[in-house]
Amino acid sequence: MKRGDSFSMAGYVGVCLSDPWLQNQFTQVELRTLRSSFLEMKRECSGCLKLVHLPEKMSRLKHVGEDLTEEERAALLNQSHQSLEPEVDFELFLRVYLNFQTLATEKKGHGAKNASAFLKSPTSTLLHTISESEKASYVAHINNYLSEDEFLKKYLPIDASTNDLFEIAKDGVLICKLINVAVPGTIDERAINTKSMLNPWERNENHTLCLNSAKAIGCTVVNIGTQDFIEGRRHLVLGVISQIIKIQLLADLNLKKTPQLMELVDDSQDAEELMNLPPEKILLRWMNFQLRKGGYMKTVTNFSSDVKDAEAYAHLLNVLAPEHGNPSVFSVKDPLARAKLVLEHADRMGCKRYLIAKDIVDGSPNLNLAFVAHIFQHRNGLSTETKQIRFLNIMPDDAQISREERVFRFWLNSQGSSSYIDNVFEDLRNGWILLETLDKICPGIVNWKIASRPPIKMPFRKVENCNQVVKIGKELKFSLVNIAGNDIVQGNKKLILAYLWQLMRHQMLQLLKSLRLHSSHGREISDADILQWANDKVRASKGQTRMESFKDKSLSNGIFFLELLSSVHSRSVNWSLVTKGLTDQEKMMNATYIISIARKMGCSIFLLPEDIVEVNQRMMIMLTATVMYWTLKPPSNEEAACGGGASDTESASVGYSSSNLTTDDSASDSSTDDTLQT
């Protein structure tokens, strides 16, 4: 196989290089994307791309184009090459890219200290080292929580001193099971391929299910493909595992799960602010609350430099479990010795160690966060009868708003925005992430010259950003009646959700339209088209059900969607596992199975089983449209190069078209909730 050649498996297109070291510097998604850029540059140079062309041509690439000037790129090439006239092949192109990336990273001041910062950015191509301490900690976590699993117990316990973790993860079962530990019920385990010997396609299905499910619980997996797991790429596997474990450890850090957190606030206004904080911030607030109880007045603002001396930990544990304390912890001068005493105290409390003393003094952010989160789970020191809990009775608690916020938050994070979104209503108020998302869906539609990048101190700049968001929405024919940017700045929940629904729907219709443009039906796609397509598919496969509209209450038993999935992928549904959907429990079982089967096929969907059982009209449209897109999308090399593969193309964007997208009310029976009004 020649360097730069592709290999294919079950619709997945990979790029194979002759140099194993170079191959290991990139994920398959990155290789395909870079190869596409390389071929485009080569075409622009009439088939003869030379080194001298790269400083200018690489300006379009992320990181190396944004963070380096053309002069800096040219200077580096002049230093490292005697002549810039040689023709560039793909592997030389990649080596130059790595050199530029190294320079860009040094220029920005990032170093090896960030090599293991997996929780928010698990896909760096520059530093592919892994932390052995983190690996050992995550292995211990897996051994503890999955030891009784019927399928995995023959492989457990895993030896942390070996690479067994990455070998076991190659069939996809381990990470699927770990996702269900973190967020129970995310994956219907009936959909996981669990034979003792899986063929390549079955492995690929497991990894596709794993990656789409990881996205659906909030993991960032933008630049990871199934082949990266099959190859056992250690930094990527560990990155995803760390995010899943983090989600599990922080699951109780909200007022619904732990109402005792109300003790941290004084009134309902503060309580609403607390509800909007990301879990890490709530954990820090809890830690500082307990530290002030013990007379420790320094404020801990992070899980790295602020805890390296272990003093905060010594005071925290003394407040939570003074009976297990050792007074010498406050007199010892050596931070490492103090850290060891802290961990001895934690052991006497019954807390598992997610770190060793060296991890504390080294300031490992992931492991310190895991350690504090575990302490919170084990003994949070909050009153169980605090009078402030009465505030919860007057706090707005709309389950539907909460579910939709979750869907749109995970969808936005899957788009690869510059900032991770913890709360839609708070994190979109400056308009920047919405502008980024609009530009990804409709490239070139944003006027960046009048946009303000965060941090934004002047309130009117936020309004300007949001005004442009509204203006673009009107250009895209969104229903935005009497709405101004200030409504987004003020965090109006109903209006933000309605805007995001129209944006998500627009993206899917654009994707479907892009496929239709290649056929003889190059017209606009409407909800009626999606409805008709689904019914035609089910009827052609001898199905027994029909969908009258996206509000059809008969959809709640799940049978129609199971017949639809079976019609587009005949072996996807195991009908012996399907219930009749007569009771609420049977409906939930079918709904969970539908979501897992769709994700296993390669559909990137963010709805919950409740959305199917309750026939949430918006989510029914998106589920059907996503299955339609997956079915019609050709597995071409060119598309794969733009981010293709079963698990990473679903949120790809297409070029902007100013033409109006048709909405057929008879199909979607759209309610007034889809219209933004004041």
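Just so it is clear, the structure is predicted and the values come from calculations on it, not from any experiment.

A. Here's a closer look at helix H17 (residues 365-378). For H17, built from 14 residues, the straight-helix expectation of 20 Å at 1.5 Å per residue is met to within 8% by its first-to-last C-alpha distance of 20 Å. Here H17 lies mainly inside the structure; 11 of its 14 residues are buried. Among all positions in H17, only Asn366, Leu367, Asn368, Leu369, Ala370, Phe371, Val372, Ala373, His374, Ile375 and Phe376 are buried. Buried positions along H17 lie against helix H6 (132-145), helix H11 (234-249), helix H13 (279-293), helix H14 (311-320), helix H15 (335-349) and helix H16 (357-362).

B. Representation of the state of the cysteines in the model. Summed over the entire model, instances satisfying the criterion amount to 0 disulfides. Cys176 supplies the cysteine sulfur nearest to Cys210, a cysteine that is in no disulfide, at a spacing of 5.1 Å. By relative accessible area, which is 0% here, Cys210 ends up buried.

C. Representation of the packing of aromatic side chains. Here the structure, examined in full by the defined rule, presents 9 aromatic pairs. With centroids separated by 5.3 Å and ring planes inclined at 55 degrees, the aromatic side chains of Phe38 and Phe93 adopt a geometry described as tilted. With Phe38 in helix H2 (residues 28-44) and Phe93 in helix H5 (residues 90-108), this residue pair connects regions lying 55 residues apart in the sequence. Each member of the pair, Phe38 as well as Phe93, carries the same accessibility label: buried. The structure contains a cluster of three or more aromatic residues connected by ring pairs, namely Phe38, Phe90 and Phe93. Above the ring of Phe151, the side-chain terminus of Lys154 is found at 4.8 Å from the ring centroid. In this structure, Arg190 is placed above the aromatic ring of Tyr593, and the distance from its NZ or CZ to the ring centre is 4.8 Å.

D. Region of the structure containing the pattern of salt bridges. This structure, assessed with the given rule, holds 31 salt bridges. Two residues, Arg403 and Asp611, come together in a salt bridge whose shortest N-O distance is 3.3 Å. Within this pair, whereas Arg403 is found in helix H18 (residues 399-414), its partner Asp611 is found in helix H27 (residues 609-613), the two being separated by 208 residues in sequence. With relative accessibility at 14%, the residue Arg403 sits in the buried group. For Asp611, a relative accessible area of 2% corresponds to the buried category. Between Lys471 and Glu475 there is a salt bridge, with the nearest N and O atoms lying 2.8 Å from each other. With Lys471 and Glu475 both in helix H21 (residues 459-475) and 4 residues apart, this pair spans about one turn of that helix.

E. Geometry of the packing of helix H24 (residues 527-540) against helix H28 (residues 617-632). Running from N to C, H24 and H28 cross one another at 65 degrees; their axes reach a closest spacing of 10 Å. With respect to H28, the element H24 is oriented roughly perpendicular. As H24 runs across H28, the sense of the crossing is left-handed. Residues Asp527, Ile530, Trp533, Ala534 and Lys537 of H24 form the contact with H28, whose own contacting residues are Ile621, Thr624, Ala625, Val627, Met628, Thr631 and Leu632. Looking at the contact of H24 with H28 residue by residue, the classes come out as 8 nonpolar, 2 polar and 2 charged.

F. Spatial organisation of unusual backbone geometry. Cis geometry marks the peptide bond from Leu156 to Pro157; its omega dihedral reads 0 degrees. Within the element layout of this structure, Pro157 appears in the loop between H6 and helix H7 (164-168). A cis amide bond links Pro454 with the next residue in sequence, Pro455, at an omega value of 0 degrees. For Pro455, the position within the fold is in the loop between helix H20 (432-441) and H21. Even without being a glycine, Lys542 presents a positive backbone phi close to 70 degrees. Counting through the fold element by element, Lys542 comes out in the loop between H24 and helix H25 (559-568). For Lys542, a relative accessible area of 65% translates into the label exposed. In this model, Val615 sits at a positive phi of 55 degrees, which is unusual for a non-glycine residue. Structurally, Val615 can be placed in the loop between H27 and H28.

G. Structural view of the environment of Gly218. Along the chain, the position of Gly218 falls in the loop between helix H9 (200-216) and helix H10 (226-230). By relative accessible area, which is 5% here, Gly218 ends up buried. Expressed as a C-alpha distance, the spacing of Gly218 and Trp411, which sit 193 residues apart in the sequence, is 8.9 Å. Apart from residues lying up to four places away in sequence, Gly218 is in contact with Ile247, Phe410 and Tyr420.

H. Focus on H18. Between the first and last C-alpha of H18 there are 23 Å, a value that for 16 residues agrees with the 22 Å anticipated at 1.5 Å per step. Extensive coverage of H18 is indicated by the burial of 12 of its 16 residues. Two residues or fewer past H18, Gly416 is found with a positive phi of approximately 80 degrees.

I. Broad picture of the packing of H13 against H14. One can describe the packing of H13 onto H14 by two numbers: an axis separation of 9 Å at closest approach and a directional angle of 75 degrees. In this view, H13 runs roughly perpendicular relative to H14, as classed from their interaxial angle. Across the interface between the two elements, Trp286, Met287, Gln290, Leu291 and Lys293 from H13 touch Ala312, Tyr313, His315, Leu316, Val319 and Leu320 from H14. Considering only residue class, the contact of H13 with H14 consists of 8 nonpolar, 2 polar and 1 charged.

J. Layout of the nonpolar core. Counting residues in hydrophobic clusters, the biggest one holds 174 residues, and the most contacted among them are Ile175, Trp286 and Met287. Here this core gets 13 residues from one element, more than from any other, and that element is helix H23 (residues 493-516). Setting aside its immediate chain neighbours within four residues, Ile175 contacts Ala169, Cys210, Phe229, Val237, Val240, Ile241 and Ile244. Core analysis: the second largest hydrophobic core is formed by 27 residues, Leu17, Phe38, Val64 and Leu84 among them.

K. Focus on the side chain of His207. Residue position: His207 is located in helix H9. Using a relative accessible area of 0% as the deciding quantity, one classes His207 as buried. Contact partners of His207, with chain neighbours within four places excluded, come to Ala169, Lys170, Asp171, Gly172, Thr226, Phe229 and Ile230.

L. Expanded view of the confidence of the model for the chain. On average, residues of the chain score 83 in pLDDT, and 83% of them reach the 70 mark or higher. Mean pLDDT across the elements of the chain bottoms out in helix H29 (residues 637-641) (35) and peaks in H25 (97). Here residues 668-678 is a poorly scored stretch, pLDDT under 50, and it has 39 contacts once near neighbours within four places are set aside; other chains count.

M. Local environment of the environment of Leu317. Counting through the fold element by element, Leu317 comes out in helix H14. Judged by relative accessible area, which is 1%, Leu317 ranks as buried.

Conventions and cut-offs
Residues numbered from 1 in each chain as written. Predicted model: local features only at pLDDT ≥ 70, side-chain atom pairs only at ≥ 80, totals over all residues. Heavy atoms only, no water. Helix = DSSP H or I, 4+ residues; strand = E, 2+ residues; numbered from the N terminus. Expected span 1.5 Å × (residues − 1). Buried < 20%, exposed > 50% of the residue type's maximum accessible area, 1.4 Å probe, protein only. Contact = heavy atoms within 4.5 Å. Disulfide = S-S within 2.5 Å. Phe/Tyr/Trp six-rings, centres within 6.5 Å; stacked < 30°, edge-to-face > 60°. Lys NZ or Arg CZ within 6 Å of the ring centre and 35° of its normal. Salt bridge = Lys/Arg side-chain N within 4 Å of Asp/Glu carboxyl O. Axes fitted to C-alpha atoms, helices over the stretch in contact; angles between N-to-C directions. Parallel < 35°, antiparallel > 145°, perpendicular 65-115°, else oblique. Left-handed = near helix turned anticlockwise from the far one by under 90°. Nonpolar A, V, L, I, M, F, W, Y, C, P; charged D, E, K, R; others polar. Core = buried A, V, L, I, M, F, W, Y, C linked by side-chain atoms within 4.5 Å. pLDDT = per-residue confidence, 0-100.

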